[in-house]
Amino acid sequence: MARAPGSERQLLVVYTGGTLGMRSERGVLVPSPGLAAVLRTLPTFHDAECARALGLPDDTLVLPPASPGPRVIYTVLQCQPLLDSSDMTITEWVEIAQTIERYYEQYHGFVVIHGTDTMAFAASVLSFALENLHKPVILTGAQVPIYALWSDSRENLLGALLMAGQYVIPEVCLFIQNQLFRGNRVTKVDTRRFGAFSSPNLPPLATMDADVTVAQDLVRTANGKDALVVHSSMERNVGILRLYPGIPASLVRAFLQPPLKGVVMETFGSGNAPTKPDLLQELQAAAERGLIIVNCSHCLWGPVTPGYASGLAEAGASIVSGFDMTSEAALAKLSFVLGQPGLSLGHRKKLLGKDLRGEMTVPVADKHRSSLQGTVLGRSVAWLFGLSGGQEVAALRDAMLPSLALAAAHASDLKALQALMELDSDLCLEDCNGQTPLHVAARRGQEGVVTMLLHRGADVDARDQDGLSPLLLAVRGRHQGTIGLLRMAGACLTPQDLEDTGTELCRLASRADTKGLQAWWQAGADLEQPGYDGRSALQVAEAAGNLEVVALLRSLGVASPEALPST
Ligand code: ASP
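Counting restarts for each chain, with residues numbered from 1 along the sequence as it is written. Totals for whole chains, interfaces and linings use every residue, but because this is a predicted model, local features are given only for residues with pLDDT of at least 70 and side-chain atom pairs only at 80 or more, for both listing and counting. Side-chain calculation: all heavy atoms of the structure are included, whereas hydrogens and water are not.

Side note on the overall build of the protein
Part 1 of the reasoning: Counting its secondary structure elements, the protein contains 22 helices and 19 strands.
Part 2 of the reasoning: In the protein, the share of contacts with a sequence separation of at least 24, taken over all contacts with a separation of at least 6, comes to 69%.
Part 3 of the reasoning: Throughout, the Shrake-Rupley method with a 1.4 Å probe supplies accessible areas, and for residues the shown protein chains are the sole cover considered. When the accessible surface of the protein is totalled, it reaches about 25200 Å², and 54% of it is carbon and sulfur. Under the DSSP-based scheme used, a helix requires at least four consecutive residues in state H or I and a strand at least two consecutive residues in state E, with every element numbered from the N terminus. We call two residues contacting when some pair of their heavy atoms lies within 4.5 Å.

Here's the deal with the UniProt feature "repeat: ANK" (unreviewed entry) in the protein
Part 1 of the reasoning: UniProt positions are given in the numbering used here, feature names are shortened, and annotations may be inferred rather than shown by experiment. Under the UniProt annotation, the feature "repeat: ANK" (unreviewed entry) is placed at residues 433–465.
Part 2 of the reasoning: Secondary structure across residues 433–465 divides into 52% helix and 0% strand, with the first and last C-alpha atoms of the span separated by 5 Å.

Quick notes on the sheet that holds strand E17 (residues 262–267)
Strands in a sheet are paired, the pairing made by backbone hydrogen bonds, and the direction either parallel or antiparallel.
Part 1 of the reasoning: Strands are labelled as partners when DSSP assigns at least two bridges between them. Judged by pairing direction, the sheet is parallel, and its 4 strands sit side by side in the order E16-E17-E18-E19 without closing on themselves. On the outer flanks of this sheet lie strand E16 (238–242) and strand E19 (319–321), each paired with one strand and no other. Between one strand and the next, the sheet's axes are offset by a mean angle of 30°, whatever the strand orientation.
Part 2 of the reasoning: Of the strand pairs in this sheet, E17 and strand E18 (residues 292–297) are connected by 6 bridges, and their pairing is parallel. Along E18, the bridge assignment pairs Glu266 with Cys296. Lines fitted to C-alpha atoms define the axes, with helix axes restricted to the stretch in contact, and inter-axis angles between N-to-C directions lie between 0 and 180 degrees.

Comments concerning the site of the ligand
Part 1 of the reasoning: Around the ligand, the neighbouring residues are Gly18, Thr19, Met22, Asp84, Ser85, Gly115, Thr116, Asp117, Ala142 and Gln143.
Part 2 of the reasoning: Pairing of N or O atoms within 3.5 Å defines a polar contact, subject to two protein rules: one partner must be a possible hydrogen donor and the other a possible acceptor, and residues neighboring in sequence count only if both atoms are side-chain atoms. Thr116 places a polar side-chain atom, nitrogen or oxygen, 2.4 Å from an oxygen atom of the ligand.
Part 3 of the reasoning: Following the grouping adopted for this structure description, the nonpolar residues are Ala, Val, Leu, Ile, Met, Phe, Trp, Tyr, Cys and Pro, the charged ones are Asp, Glu, Lys and Arg, and the polar ones are all others, Gly among them. Considered class by class, the residues forming the shell around the ligand number 2 nonpolar, 6 polar and 2 charged. Being near a molecule or strand, for a residue, means having at least one of its heavy atoms within 4 Å of it.

Regarding the pattern of salt bridges
Part 1 of the reasoning: The working definition used for a salt bridge is a side-chain nitrogen of Lys or Arg within 4 Å of a carboxyl oxygen of Asp or Glu. Taken as a whole and assessed by the stated rule, the structure comprises 15 salt bridges.
Part 2 of the reasoning: For the salt bridge of Glu282 with Arg253, the shortest nitrogen-to-oxygen distance reads 3.0 Å. Separated by 29 residues along the polypeptide, Glu282 in helix H7 (residues 277–288) and Arg253 in helix H6 (residues 249–255) bring together distant segments of the chain.
Part 3 of the reasoning: Exposure classes here rest on a 1.4 Å probe applied to the protein chains alone. A residue is buried below 20% of its type maximum, exposed above 50%, and partly exposed in between. By relative accessible area, which is 13% here, Glu282 ends up buried.
Part 4 of the reasoning: Measuring nitrogen to oxygen at the nearest pair gives 2.6 Å for the salt bridge that ties Lys333 to Glu359. Note that Lys333 is positioned in helix H9 (residues 327–339) and Glu359 in the loop between helix H10 (345–353) and helix H11 (366–369), a separation of 26 residues in sequence. You'll find Lys333 and Glu359 in the same group, each marked buried.

Here's the deal with helix H21 (residues 537–544)
Part 1 of the reasoning: Restricting attention to buried positions, one finds in H21 the residues Ala537, Leu538, Val540 and Ala541. Buried residues of H21, seen end-on, are gathered within an arc of 160° and therefore sit on one face of the element.
Part 2 of the reasoning: Residues of H21 that are buried in the fold lie against helix H19 (501–510) and helix H22 (547–555).
Part 3 of the reasoning: Of the residues trailing H21, Gly545 is marked for its positive phi of about 70°. Each C-beta atom gives one direction from the helix axis, and the arc is the one those directions make.

Have a look at this one:
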């Protein structure tokens, strides 16, 4: 649902500076205060009669009626100081995010007036700083001030106000010349044209002509349950290094020195770099220091592909593909991911490779396609990969991934499972009962699947809704190989797991179930634990004449109760 409900919508306009509100002083344009007062005098921006009728306070403006659609009422918050956007940094953008957080409950949406020069950086940073947005945040600006007779300011600001006021597009967007773009997909491409921005790898989310057309399948859907989270701890020590033919290794070395923690490396074509060994050495040395490199292309259109030239391929382990991200989005994402406290390097790289805010198109895993055609399950996975589109497709994938992953684990279909994990690299593939692929594989004793999952970092201690861990399921199934693998990966039984073990051990002893007893022993259970009647498994086995069990328990070091020291 894109159209906003209700008859009135309240917006906060955060005025940060930029050409839109600049005035000429001694021949140069400088950011100028008092924009709200000017807007009040312009009939397209303020309906004084309506404001009186509604009894609005003096600092509040109201747009003339636009039918159909709710009335847009707005307040301008002027930042201190007003800046040309060339002077904006992560600090100011985080402050904007915090302002939005402060007023989040009071307003239906937000418009940010910002200079166009660094607006793509600003929109990218805001998109990562604001997680779980349920309301529109629309940046706009202009190439010519609002005070000029011929200017793009009025249309851009009015369009941004109408989009934020009349549509529910819960994203950080940028509105310029009739088009609403996803903010982390744009880059400024023209110094003079009013259509100064391009969104090379994602079409506009909406277009305002005589009709407003919203590309509903591209608009991200807000997760109803999750509250807004503002990430203020963005890493400042990140940079962009644009490679050029013949770039000296010494220059790369100088650039990559600490305190730099992450760099967006702009490479040639589909991700290529010079293959000179000295340059490669510098990249490897930086990687060894823990510096993360995101590979983005000089080219505007198309992604970085994995088949890049040998130089970078050798340093590949340290380089994360930026796919089709703009450098602005990649820099903001690096800053966000590196700013998250307490993550391992591997986790940070995984996050960089994931689509977090619609900033990149994660490619279809083509390499898996042909190998998946052999089974029905494989074909379903291949079909899932082949889907492309916006939020609805992403939601469908998210909904289907856990079931397919569990089915793949159940069928020991390693190819399908591996392909699925590339779609969800953090392995949160649990079904509605909390079962993970590792649970399924452990229950069935599928050592190949267990090995692969553990190798990929699956949570060895995951509990399903009944509180069962993969280790407990492997014990129940008496799968000794699997128990061994899980134990090696650090799995152990908790006091809760061991609560009624004594009675269970006695039951196994009475049935001469040696495999069952061995499984508990291998999992780390104390085989001397008494059952509910105070007898141990050994006593039960002796009384039942199960000599094989007695021999086993003795060989596992279980002593007869009479031989135990009295307490
Ligand atoms: N220098 C101005 C700024 O980015 C240019 C603009 O707003 O278009 O603040």
